[in-house]
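# Fold and contact review
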Amino acid sequence: MKQIKMALPAPVGASRYELVAWEFGESGPLAYLQAGLHADELPGVLVLHRLREALSRLEREGALRGRIRLLPLANPIGISQRLLGRHEGRFELGSGRNFNRGYPLLVRAGERCESLDEARALLLERLAGLQGRSELERLQQQLFGWALEADLVLDLHCDGEALVHLYGNTRQQEALEAVGRRLAAVAILIAGEAGGMSFDDALLQNWYPLCEGAAWPVPLAVTVELRGQRDLAPELTAQDCERLLDLLTERGWLVRPLTTVPGDPVTATPLAGVEGVVAPVGGIVHYLVAPGQSVEAGQPLAELEDPASGERSTLQAGVSGLCYARVPGPLVVAGEEVIFIAGLTPLRQGELLGL
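Residues numbered from 1 in each chain as written. Predicted model: local features only at pLDDT ≥ 70, side-chain atom pairs only at ≥ 80, totals over all residues. Heavy atoms only, no water.

## A short note on the sheet that holds strand E7 (residues 152-159)
In plain terms, the rule: A pair of strands is labelled paired if DSSP reports no fewer than 2 bridges between them. Only runs of H or I of at least four residues qualify as helices and only runs of E of at least two qualify as strands under DSSP, and these elements are numbered from the N terminus.
The strand order across the open sheet formed by 9 strands is E1-E2-E4-E3-E7-E11-E9-E10-E12, and the pairing between neighbours is mixed. Each edge of the sheet is formed by a strand with only one pairing partner; in this case those strands are strand E1 (2-7) and strand E12 (269-270). Here strand E3 (residues 30-35) pairs with E7 via 5 bridges, running parallel. Counterpart to Gln 34 in the pairing with E7 is Asp 155.

Encoded structure:
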């Protein structure tokens, strides 16, 4: 194991942030796992620290067949942000930018590469030529560069209240469904382009144009949502660590016995088919369904109670599908997406990811 430290430029005086990663293995393809890009999403942070301990042992036992790089806290800027006594890790307070949006498009129209190595060298050279001016830009460029070096990228996040689910690219559906089963995901949401240039999507918007007409394999990039923000129990952390170890074993980075039972098979559904059920009025939310439940179009999902008048209104599903996430509440505002349903039929176009 080796530790990698990367300092970000100091915005004022001597203050600075530092990325700390751990890498295992000496040679071979690289798997890159990061967590905490949204720094208020902490389940993945705990999981990667536990994974680091397991990989240290496995490396000593000679079980590695490639390189594995872990970045348990990908956002030292966001982890230190507090606003009016609350942690704010999703948006950079100075600019209002989402830490997981706006990654660069480095390819030019019509460019093609003859091999994965050629494409990787081109992308890394282009990335190195960018002049990041702010801490945020430099952070994003460093993370993107580490991911471009890898053949497998797992970006660990979580939702408000949710079960495990994945985001990925339509062209990687088969691999995503295999990952989803190994991680016991309940939903896999895919798109050819999600919009907003989030971390995993931006990687593939760079890789795929360069391989058109070629036979070389594009690296697999996946966003893994590890349940909800409060799902931090040690038994869940241990379970997720074991499932990641089994995933790395199945994909050839480790040689060891599998220790977990795969989840039920899940067929990927279009990200464009997700309904974010919107609260028409603000109020105190009383949920009638939980993540993991199948719902039918027209089914009541929640009741909203006006805290001033006591009047109640009911939220209903617009589509049939699986409820995979909801906001924690208890108070929601008019126009807020409250419950998320993975439907089978595309409903939306354009920017498919929320803020």
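## Examining the UniProt feature "domain: Succinylglutamate desuccinylase/Aspartoacylase catalytic" (unreviewed entry) in the protein
Spelled out, the test is: UniProt positions are given in the numbering used here, feature names are shortened, and annotations may be inferred rather than shown by experiment.
Those residues carrying the UniProt feature "domain: Succinylglutamate desuccinylase/Aspartoacylase catalytic" (unreviewed entry) are residues 28-240 in this numbering. Spanning residues 28-240, this segment combines 37% helix with 21% strand, and its end C-alpha atoms are found 25 Å apart.

## Points about the pattern of salt bridges
For clarity, the cut-off: Salt bridge, as used here: a side-chain nitrogen of Lys or Arg that lies within 4 Å of a carboxyl oxygen of Asp or Glu. Only protein chains enter the accessibility calculation, which uses a 1.4 Å probe. A residue is then buried if its area is under 20% of the maximum for its type, exposed if over 50%, and partly exposed in between.
In this structure the tally under the stated criterion is 17 salt bridges. Notably, a salt bridge pairs Arg 326 with Glu 161, separated by 2.5 Å at the nearest N-O pair. Residue Arg 326 is found in strand E18 (residues 321-326), and its partner Glu 161 is found in strand E8 (residues 161-162); the two are separated by 165 residues along the sequence. Overall, Arg 326 belongs to the buried group, its relative accessible area being 16%. In this structure Glu 161 comes out as partly exposed when scored by relative accessible area, which is 25%. Within this structure, Arg 182, Glu 242, Asp 246, Glu 250 and Arg 256 form a network of salt bridges that share partners.

## Here we look at the packing of aromatic side chains
Here is the rule we go by: Pairing of aromatic side chains here covers Phe, Tyr and the six-membered ring of Trp, requires ring centres within 6.5 Å, and sorts the geometry by plane angle: under 30 degrees stacked, over 60 edge-to-face, intermediate tilted. A positively charged side chain is recorded as over a ring if its NZ (Lys) or CZ (Arg) lies within 6 Å of the ring centre. The angle to the ring normal must also be within 35 degrees.
Within the structure shown, the criterion is met by 5 aromatic pairs. Both rings, one in Tyr 324 and one in Phe 340, keep their centres 6.4 Å apart while their planes meet at 40°; by these two values the pair is tilted. Taken together, the residues Tyr 324 in strand E18 and Phe 340 in strand E20 (residues 337-342) connect sequence positions 16 residues apart. There is no split in this pair, since Tyr 324 and Phe 340 are both buried. Clustering of aromatic rings is evident, with ring pairs tying together Tyr 103, Phe 144 and Phe 199. Over the aromatic face of Tyr 208 sits the side chain of Arg 171, whose NZ or CZ is 3.9 Å from the ring centroid.

## A look at the side chain of Arg 182
Keep this limit in mind: Pairing of N or O atoms within 3.5 Å defines a polar contact, subject to two protein rules: one partner must be a possible hydrogen donor and the other a possible acceptor, and residues neighboring in sequence count only if both atoms are side-chain atoms. Residues count as neighbours in contact if any of their non-hydrogen atoms are within 4.5 Å of one another.
With respect to the helices, strands and loops of the structure, Arg 182 is situated in helix H5 (residues 173-182). Given the relative accessible area of 4%, Arg 182 is considered buried. Looking at Arg 182, its side chain comes within polar contact range of the side chain of Glu 250, at 2.8 Å. When near neighbours in sequence (up to four residues on either side) are disregarded, Arg 182 contacts Arg 243, Asp 246, Leu 247, Glu 250, Leu 258, Thr 260, Val 261 and Pro 262.

## Here we look at the layout of surface pockets
Over the atoms rolls a probe the size of a water molecule, and its path tells where empty space is left. As a reminder of what qualifies: Both cavities and pockets are sets of points on a 1 Å grid over the protein atoms alone; in a cavity a 1.4 Å probe fits but cannot get out, in a pocket the set is open with protein on both sides within 12 Å along at least five of seven lines, and lining residues sit with an atom within 4 Å of a point. Grid points are joined across faces, edges and corners, and a volume is the space filled by probe spheres set on the points.
Of the voids in this model, the largest pocket is the one considered here, and its volume is about 1800 Å³. Residue lining of the largest pocket: 50 residues in total, with Glu 41, Arg 90, Asp 159, Gly 160 and Gln 229 positioned closest to the centre. Among the elements of the structure, strand E6 (86-87), E7, strand E9 (165-169), helix H6 (199-211), strand E11 (220-228), strand E13 (274-278), E18 and E20 are those that each provide at least two residues to the lining of the largest pocket.

## Brief notes about a nonpolar patch on the surface
Quick note on the threshold: Two joining distances apply to patches: 9 Å for like charges and 5 Å for nonpolar side chains (Val, Leu, Ile, Met, Phe, Trp, Tyr), and every residue must have over 30% relative accessible area and no salt bridge. Only the protein chains shown count as cover for residues, and the accessible areas themselves come from Shrake-Rupley with a 1.4 Å probe.
A grouping of Leu 42, Leu 46, Ile 79 and Leu 232 is seen on the molecular surface, where their side chains present a nonpolar patch of about 270 Å² in accessible area. Structurally, Ile 79 can be placed in helix H2 (residues 76-79). Ile 79 gets classed as partly exposed once you look at its relative accessible area, which sits at 35%.

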